[in-house]
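# Coordinate analysis (summary)
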Amino acid sequence: MYNHKVVEKKWQRYWAAHQTFKTGNDPHKKNYYVLDMFPYPSGKGLHVGHPEGYTATDIIARMKRAQGYNVLHPMGWDAFGLPAEQYAINTGHDPASFTDKNIETFKHQIKMLGFSYDWDREVKTCDPDYYKWTQWIFEQMYKKGLAYEAEVPVNWSPDLGTVVANEEVIDGKTERGGFPVYRRPMRQWMLKITAYADRLLKDLDDLDWPEPIKEMQRNWIGRSVGAEVTFKVAGHHESFDVFTTRPDTLFGASYVVLAPEHELVSKITTSQQKEAVDAYLAKIASKSDLERTDLNKDKTGVFTGAYAINPVNDEKIPIWISDYVLASYGSGAVMAVPAHDDRDYAFAQKFDLPIKAVVEGGNLAESAYTGDGVHVNSSFLNGLNVEAAKVKMVDWLEEHHCGKKKVNYKLRDWLFSRQRYWGEPIPVIHWEDGETTLVPEDELPLRLPVTTNIKPSGTPESPLANLTDWVNVVDKNGRKGKRETNTMPQWAGSSWYYLRYIDPHNDQKLADYDLLKKWLPVDLYIGGAEHAVLHLLYARFWHKVLYDLGVVPTKEPFQKLYNQGLILKDHEKMSKSKGNVVNPDDVIDEYGADSLRAYEMFMGPLDASIDWDENGPASTKKFLDRVWRLFVNDLDLKPVPSAKVVKENDHELDKVYNQTVKKVTTDFDALHFNTAISQMMVFINAAQKAKTVPLAYAEGFCKLLAPVAPHMMEEIWQIFGHQESISYAPWPTYDPSQLVEKQVPIMVQVNGKLRGHFTAAKDETKENLQKQALAEPHVVKFLNEKTIQKVIVIPNKIVNIVAK
RNA sequence: GGCGGUGUGGCGGAAUUGGCAGACGCGUCAGACUCAAAAUCUGGUGUCCCUUGGGACGUAUCGGUUCGACCCCGAUCACCGCUACCA
């Protein structure tokens, strides 16, 4: 009987001892880079969701090796992050050693699954030899003006006495404790991802990614084309710009609204309105994000007392402020056309502001009309439809120097600071004379100081601020300075790790250019859809920056992307709190890694979220055991030689074997593992019923199944008498001539309903097919007392007789 | 509210270009082996009607296009994901 506990250990040891999966560098072979999203090594260890994606990439990696590629298939650790820090704060331990312990656990569990990683290339983001280059990339960005400081709100939680990261804010409250979060301005590091917005958008088109993921990125970038219109403030020298996608409705503007944070607010507010405006500003400041957005769709606002002049008709219109206008988008000011914008309409209704129709259509008594129509009350735009009117208005604005065509993005610059300990220190020094300098490149890495004192500073500053020995520096001229105490977000290290795998031990460069050229872009990248936007957008951004610097040779990092689905339990996400987590260790212990791998691939399409079936691994174990019994004699652990597996081919299995080779190969390539496995089951069912199985087919089958169930297939391969690992045994090929049918079944329908069938020679003429169809006894019965009106004949497939 | 996705037996799912709906597996029923059980092997298994042959219905719902629709089009419902006043 096959003993997975013994055999799996045996081959894992063999692979390690023989460096079977060391990345190939044969110049005569093509290169293939297949990558997993590296995990955050949490204290909980692996759950059954991890091996799903990892098995998929492992199957591809193993198939590609067998097909004669050099394969780069690495694994590493996204090792900085909040849970380790939180654990450290709670226990007084060092997050570094805690993280290392977790990595050990993860690595042990991953190794039990028999994945073909090249472990010599393991990286972890919290290793100074690694984050040296994360810091180096930051410095290049700083030099290019892509990293800058700005006064930006942080998520300040007075109840916790700390700031929280965006990812710790759920629905405007802290993830832990559910305390309100307030936006509090602080000097922070930003990365100018907006400078790359257009390229990030455009280059999506050439990527082989799931269309919905590309669409999510497009939405996130949020390009919108419109116009910038300059309004003068009546009685002031001041003016301000608004961004609008509907310049055609400018004649319908009945007021303008500034964001409460807009710099003009204090300058233009009249003395009569000052009290009201100040009160409103005070109210806004104390509002949490939640109150400002989600819960409160009710518009609020206040009149400044000032008026703007509509450049197109010199009309004086009131200037209001309201928090429905976002300071961070466009110019932080909008022209309000309540007749043709839902938000403006709601605001105008509430504050009784005029609603002027300039496009015909809809019913303004009920709602704004945002559709197309003919312009009215719009001077030179009258009679035009929306698109034409937009063009004409932009021309007019440009001609009269009071506006221009403008493209805006929803994408904001990347808030790159975290007020945290456990992250890459930002390699910057702030000097007493106000100068800000980078830590010189030859002094990198700037190491994170080892300390157990990482309690929150009690202010919106990083815990590093408390470590005065580390923070305070003096240069050779005696000038005093302080180190930047913010650290980088978890996204930093994960934005370029796929580059480091290519040349993980290089201490001169983040990676050698020629090696990058050999391996990039990543041929296949698999991971969870939760990273559809942020991680994948950030990594693309960094990659493009490095491309511009001449560090990497490609515009894009990941050519083909695929998202695995979730594994559910009772139609819910697995989670510790629900107590429905399936532990892969238990499954491996009972059924073996091969069975777990096979089940996770067989349970359904890779990208679907599917319920875990308690019986699943048992069912695939049953299949694997049948394979074993078919090929191996349990008594002497020799191949089953006697009657079953033989040198001779009686051709009984020719067709199904060739079909299987073809389907498994194309299905693997398309990541359709469930149907590939089902085809292998079909082959085994047939082989079991056959009198004999040719040895060549048995061996070919083992090669097909080896990527899914590598341990058992190695064992059978050895029993078949091979000395070398099956990993590099050439991938099977099929004989297309064996798949050509000489006889094909022809279905016969009467009025679209199946009434009979017969067998015909392939490519039989339409006339003959029709004649045979009409002669079918069952068919004839249904044609009684009916007149044949038409006969549709599709050669090799179907005959449909239309009769009344 | 906006964008996107998904709905097929008791369950997970399959179905090339619009051409035999339900491959493969789970579960289940029956048989073989066994003193017995497990394991294994063989066969049945969408629903309803029916005497065999077979017939009617059937891919969320309603409608359309077509000789023919799980597949294309329109509307509706349900669930999931992302997003959230982006002017």
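Residues numbered from 1 in each chain as written. Chains lettered and ligands numbered in written order. Predicted model: local features only at pLDDT ≥ 70, side-chain atom pairs only at ≥ 80, totals over all residues. Heavy atoms only, no water.

## Structural notes on the overall build of chain A
Note the threshold: In this text, helices come from DSSP runs of H or I with a minimum length of four residues, and strands from runs of E with a minimum of two, each type numbered from the N-terminal end. A simple rule labels every residue: compare its accessible area, found with a 1.4 Å probe on the protein chains alone, to the largest value its type can have, and call it buried under 20%, exposed over 50%, or partly exposed in between. Should any heavy atoms of two residues lie within 4.5 Å, those residues are considered in contact. For the area figures, the Shrake-Rupley method with a 1.4 Å probe applies, and any residue is considered shielded solely by the protein chains shown.
Each helix and strand in chain A was counted, giving 26 helices and 32 strands. Seen through its principal axes, chain A has C-alpha atoms that stretch 105 × 85 × 50 Å. Within chain A, the proportion of its 804 residues that are buried is 54%. Sequence separation of 24 or more characterises 71% of the internal contacts of chain A that already satisfy a separation of 6 or more. Element-wise, carbon and sulfur atoms account for 51% of the exposed surface of chain A, whose accessible area totals about 36100 Å².

## Comments concerning the environment of Val473
Here Val473 is to be found in strand E18 (residues 472–474). Among residues more than four places away in sequence, those in contact with Val473 are Ile429, Trp431, Arg479, Lys480, Gly481, Lys482 and Arg483.

## Section: the sheet that holds strand E21 (residues 561–564)
Pairing between sheet strands relies on hydrogen bonds along the backbone, with the strands arranged either parallel or antiparallel. Heads up, the rule is: For two strands to be treated as a pair, DSSP must find no fewer than two bridges joining them. Every axis in this analysis is a line fitted to C-alpha atoms, fitted for helices over the stretch in contact. Angles between the N-to-C directions lie between 0 and 180 degrees.
Overall, parallel pairing links the 4 strands, which are arranged E2-E1-E20-E21 in an open sheet. Edge positions in the open sheet fall to strand E2 (69–72) and E21, since each of these has one partner strand only. The average angle at which neighbouring strand axes cross in this sheet is 20 degrees, direction not considered. Examined bridge by bridge, strand E1 (residues 30–36) and E2 share 4 bridges and lie parallel to one another. Pairing of Lys30 across the sheet is with Tyr69, part of E2. The sheet strands contacting helix H2 (residues 50–66) are E1, E2, strand E20 (524–528) and E21, and the helix crosses E1 at an angle near 170 degrees.

## Overview of the environment of Ala339
One can find Ala339 in the loop between strand E13 (333–336) and helix H11 (342–351). Ala339 sits in the buried class, given a relative accessible area of 0%. In the structure, Ala339 is positioned 244 residues away from Asn583 in sequence and 58 Å away in space, judged by C-alpha atoms. Non-local contacts of Ala339, meaning those with residues more than four positions away in its chain, are made with Ile355, Lys356, Ala357, Leu364, Ala368 and Tyr369.

## Considering the pattern of salt bridges
Defined as follows: By definition, a salt bridge exists where a carboxyl oxygen of Asp or Glu is found within 4 Å of a side-chain nitrogen of Lys or Arg.
Under the definition given, this model contains 34 salt bridges. Notably, a salt bridge pairs Lys663 with Asp667, separated by 3.0 Å at the nearest N-O pair. Taken as a pair, Lys663 and Asp667 lie in helix H21 (residues 654–669) at a separation of 4 residues, close to a single helical turn. What makes Lys663 partly exposed here is its relative accessible area of 31%. By relative accessible area, which is 7% here, Asp667 ends up buried. One continuous salt-bridge network, built from bridges that share partners, spans Asp205, Glu211, Lys214, Glu215 and Arg218.

## With respect to the packing of helix H7 (residues 211–221) against helix H17 (residues 534–548)
To keep things clear, this is the line we draw: For classification purposes, an angle smaller than 35 degrees is called roughly parallel, one larger than 145 roughly antiparallel, one from 65 to 115 roughly perpendicular, and anything else oblique.
At a minimum axis distance of 10 Å, the contact between H7 and H17 shows a crossing angle of 75 degrees. Taken together, the axes of H7 and H17 are roughly perpendicular relative to one another. Across from Gln217, Trp220 and Ile221 in H7, the residues of H17 making contact are Leu534, Leu536, Leu537 and Arg540.

## Some details on the side chain of His543
Counting through the fold element by element, His543 comes out in helix H17. A relative accessible area of 0% means that His543 is categorised as buried. Leaving out residues up to four positions away in the same chain, His543 has contacts with Tyr498, Leu499, Leu520, Val552, Thr554, Lys555, Glu556 and Pro557.

## Concerning the nonpolar core
For soluble globular proteins, nonpolar side chains are generally found buried alongside one another. Which entries qualify depends on this criterion: To define a nonpolar core, start from buried Ala, Val, Leu, Ile, Met, Phe, Trp, Tyr and Cys residues and group those joined through side-chain atoms within 4.5 Å.
Ranked by internal contacts, the top residues of the largest apolar core, which has 110 residues, are Phe138, Leu510, Phe541, Trp542 and Trp612. Here the element with the most residues in this core is H17; it accounts for 8 residues. Look past the residues within four positions of Trp612 in its chain and what remains in contact with it is Val48, Ile567, Leu568, Lys569, Met574, Val582, Val587, Leu596, Tyr599, Glu600, Met603 and Pro617. Within the second largest apolar cluster, 65 residues are counted, among which are Ile60, Ala61, Phe623 and Val664.

## Observations concerning the pairing of strand E7 (residues 182–191)
Note that strand E3 (residues 147–157) and E7 share 10 bridges and pair antiparallel. Counterpart to Pro153 in the pairing with E7 is Pro185. Relative to strand E15 (residues 414–415), E7 is paired through 2 bridges, and the arrangement is antiparallel. The residue of E15 that forms the bridge with Met190 is Leu415.

## Notes on the protein's contact with RNA strand B
Rules: Nearness of a residue to a molecule or strand requires only that one of the residue's heavy atoms be within 4 Å of it. For this analysis, a polar contact is any N or O atom pair within 3.5 Å, provided that within protein one partner can donate a hydrogen and the other can accept it, and provided that sequence-adjacent residues contribute only side-chain to side-chain pairs. Basically, the charged four are Asp, Glu, Lys and Arg, the nonpolar ten are Ala, Val, Leu, Ile, Met, Phe, Trp, Tyr, Cys and Pro, and anything else, Gly included, counts as polar.
If you check the shell around RNA strand B, you find 52 residues, and the closest are Thr245, Lys299, Arg343, Arg412 and Met603. Within 4 Å of the protein, the atoms of RNA strand B are drawn from sugar and phosphate moieties in a proportion of 66%. Ser224 has a polar side-chain atom sitting 2.6 Å from a phosphate oxygen of RNA strand B. Between RNA strand B and Lys622, the relevant distance is 3.2 Å, taken from a phosphate oxygen to a side-chain nitrogen or oxygen of the residue. Looking at the surface near RNA strand B element by element, the count peaks at 8 residues for helix H22 (residues 673–689). In terms of residue class, the surface near RNA strand B is built from 22 nonpolar, 16 polar and 14 charged.

## Side note on the sheet that holds strand E24 (residues 610–611)
With mixed pairing, the 3 strands of this open sheet are ordered in space as E23-E22-E24. This sheet does not close on itself; its edge strands, each paired only once, are strand E23 (572–573) and E24. As judged from the 2 bridges shared by strand E22 (residues 567–569) and E24, these two strands associate in the parallel manner. By the bridge assignment for E24, Leu568 is matched with Asp611.

## Thoughts on H2
Because the α-helix completes a turn every 3.6 residues, residues three or four places apart line up on one side. Rules: How far a helix is expected to stretch is found by multiplying one less than its residue total by 1.5 Å.
In this model, H2 (17 residues) spans 25 Å end to end at C-alpha, consistent with the 24 Å of a helix rising 1.5 Å per residue. Counting buried positions over the 17 residues of H2 gives 17, a clear majority of the element. Looking one or two residues beyond H2, the residue adopting positive phi is Gly68, at roughly 90 degrees.

## Some words on the packing of aromatic side chains
Rule in force here: Any pair of Phe, Tyr and Trp rings, taking the six-membered ring for Trp, is counted once the centres come within 6.5 Å. Such a pair is stacked with planes under 30 degrees apart, edge-to-face with planes over 60 apart, and tilted for the rest.
What the rule picks out here adds up to 49 aromatic pairs. With a centroid separation of 5.8 Å and an interplanar angle of 65 degrees, the aromatic rings of Trp133 and Trp136 are classed as edge-to-face. Of the two residues, Trp133 and Trp136 are both situated in helix H5 (residues 128–143); the distance of 3 residues between them amounts to about one turn of the helix. The exposure class of Trp133 is buried, given its relative accessible area of 5%. Judged by relative accessible area, which is 17%, Trp136 ranks as buried. An aromatic cluster of three or more residues is present, and its members are Phe138, Tyr142, Trp189, Tyr196, Trp414, Phe416, Trp491, Tyr538, Phe541 and Trp542.

## Focus on the domain arrangement of chain A
The condition is simple: For the domains described, the bounds stem from an automatic or database domain assignment.
Segmenting chain A into domains produces domain 1 (223–409), domain 2 (615–738) and domain 3 (741–803). Computed from C-alpha atoms alone, the centre-to-centre distance between domain 1 and domain 2 is 70 Å.

## Thoughts on helix H23 (residues 695–705)
For H23, the tally of buried residues reaches 9 of 11 residues, placing the bulk of the element in the interior. Listed as buried for H23 are Tyr697, Ala698, Glu699, Gly700, Phe701, Cys702, Lys703, Leu704 and Leu705. For H23, the elements touching its buried residues are helix H20 (616–631), strand E27 (645–646), H21, H22, strand E28 (693–694) and helix H24 (710–719).

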